[in-house]
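# Structural characterization, general
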Amino acid sequence: MGISRLFLICPDCHLEVPINREFGDHSFYLTALGTAFDLSEFEFMEEVNQLVIKEDIKEIILVNDHQCTFVKSALQNEVRYNTKAEKILLKIAENSSDVQNIQNDVLKSTQISKINLKRLAKDLIESAFIGNKIEEGVITLNGAIYNRDDNSFQETSVF
């Protein structure tokens, strides 16, 4: 049996099969639209902590698909469904010079995804229970951008 990993993903991207193919079957998932989790709720983080302990999770991987519906909406400066995810990603797209200075849509959506993962990593480090485990090195925290075109994962720094 391999290492247990927890993946934070968007349910709309259907990444479970590619993740299992790439990382193995001992994978666990938390989902939020656009990977826009609210990690400030103590009770939620307590449940996540219980999963981490029970399954002996040693790595958390934050994953965005640059072709995610919610990333694409941000790229087009739209809020179609009035979700928290769209608002967060649109704010990233509108307020980041790293996004504004890119002309190519694929590169721009990839940059939005990378910034979103860094935002999520910051929130996770500041969260109850899990933040301490990351800071103490009990759990490693990594990021990946999924490329639907070639079914690959590109590692990306979340710090």
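These notes cover the structure that comes with them.

## Focus: the overall build of the protein
For the protein, the helix and strand inventory stands at seven helices and five strands. Going from N to C terminus, the protein has its helices and strands arranged as β-α-β-α-β-α-α-α-α-α-β-β. In terms of overall dimensions, the protein is globule-like: its C-alpha atoms have a radius of gyration of 15 Å, near the 15 Å expected for 159 residues. Dimensions along the principal axes, computed over C-alpha positions, put the protein at roughly 45 × 35 × 25 Å. Taken across its 159 residues, the protein has 48% of its residues classed as buried.

## Description of the state of the cysteines
Inspection of the entire model under this criterion finds zero disulfides. Here C10 is not disulfide-linked; the sulfur of C68 is the nearest cysteine sulfur, at 3.9 Å. Cysteine C68 is unpaired, with the sulfur of C13 as its nearest cysteine sulfur at 3.6 Å.

## So, helix 6 (residues 105-125)
Given 3.6 residues per turn, any residue in an α-helix points the same way as the ones three and four places further on. Between its first and last C-alpha atoms helix 6 spans 30 Å; for 21 residues at 1.5 Å apiece the expected length is 30 Å, and the two agree. Of all the positions in helix 6, only K108, S109, T110, Q111, I112, S113, N116, L117, R119, L120, A121 and L124 are classed as buried. Two or three places before V106, at the opening of helix 6, N104 has a side-chain oxygen 2.8 Å from that residue's backbone nitrogen.

## Details of the pattern of salt bridges
Following the criterion strictly, the structure yields seven salt bridges and no others. Close ionic contact of R80 with E78 constitutes a salt bridge, the shortest N to O distance being 2.7 Å. What makes E78 partly exposed here is its relative accessible area of 30%.

## Observations concerning a negative patch on the surface
Where like charges cluster on the molecular surface, the negative patch consists of D38, E41, E43, E46 and E47. Along the polypeptide, E46 turns up in helix 2 (residues 42-54). Since its relative accessible area comes to 34%, E46 is described here as partly exposed.

## Let's talk about unusual backbone geometry
Backbone geometry follows two general trends: most residues other than glycine have a negative phi, and most peptide bonds adopt the trans configuration. Positioned with a positive phi, N77 is a non-glycine residue whose angle comes to about 55 degrees. Following the sequence through the fold, N77 ends up in the loop between helix 3 (69-75) and helix 4 (84-95).

## Focus: the sheet that holds strand 5 (residues 152-156)
Taken in spatial order, the five strands make up an open sheet running 2-1-3-4-5, and their pairing is mixed. The outermost strands of the open sheet, each flanked by one partner alone, are strand 2 (27-31) and strand 5. In this sheet, adjacent strand axes meet at a mean angle of 30 degrees when their direction is disregarded. Relative to strand 2, strand 1 (residues 4-9) is paired through five bridges, and the arrangement is parallel. Directly across from F7, in strand 2, lies its bridge partner Y29. Relative to strand 2, helix 1 (residues 16-23) is tilted by about 150 degrees, and along the sheet it contacts strand 1, strand 2, strand 3 (57-65), strand 4 (140-147) and strand 5. Contacting strand 1, strand 3, strand 4 and strand 5, helix 6 crosses the sheet at an angle of about 145 degrees to strand 3.

About the cut-offs
Within each chain, residue numbers correspond to sequence positions counted from 1 in written order. Per-residue local features of the predicted model are confined to residues with pLDDT of at least 70, and side-chain atom pairs are confined, for both listing and counting, to 80 or more; whole-chain, interface and lining totals are unaffected and use all residues. With hydrogens and water excluded, all non-hydrogen atoms of the structure serve as input to the side-chain values. Note on conventions: DSSP H or I runs of at least 4 residues are helices, E runs of at least 2 residues are strands, and numbering of each starts at the N terminus. In this treatment the radius of gyration is a C-alpha quantity, and the globule benchmark scales as 2.2 Å times the residue count to the 0.38 power. Each residue's exposure class comes from its accessible area (1.4 Å probe, protein chains only) as a fraction of the maximum for that residue type: buried when under 20%, exposed when over 50%, partly exposed otherwise. What counts as a disulfide here is a pair of cysteine sulfur atoms lying within 2.5 Å. Multiplying one less than the number of residues by 1.5 Å gives the expected span of a helix. In the analysis that follows, any N or O atom pair within 3.5 Å is treated as a polar contact, provided that within protein one partner can donate a hydrogen and the other can accept it, and provided that, for residues neighboring in sequence, both atoms belong to side chains. Throughout this description, the term salt bridge denotes a Lys or Arg side-chain nitrogen within 4 Å of a carboxyl oxygen of Asp or Glu. Each patch groups residues whose relative accessible area exceeds 30% and which form no salt bridge, using 9 Å between like charges and 5 Å between nonpolar side chains of Val, Leu, Ile, Met, Phe, Trp and Tyr. For every accessible area listed, the method is Shrake-Rupley and the probe measures 1.4 Å; residues are considered covered only by the protein chains on display. Residues counted as positive are Lys and Arg, residues counted as negative are Asp and Glu, and His and the chain ends are not counted. Where a charge lies is defined by one atom per residue type, namely NZ (Lys), CZ (Arg), CG (Asp) and CD (Glu). Note: two strands are recorded as paired if DSSP finds a minimum of 2 bridges between them. As a rule, the C-alpha atoms of each element are fitted with a line to give its axis, helices using only the stretch in contact, and angles between N-to-C directions run from 0 to 180 degrees. Any pair of residues with heavy atoms lying within 4.5 Å of one another is described as a contacting pair.

So yeah, pure geometry; function would need other evidence.
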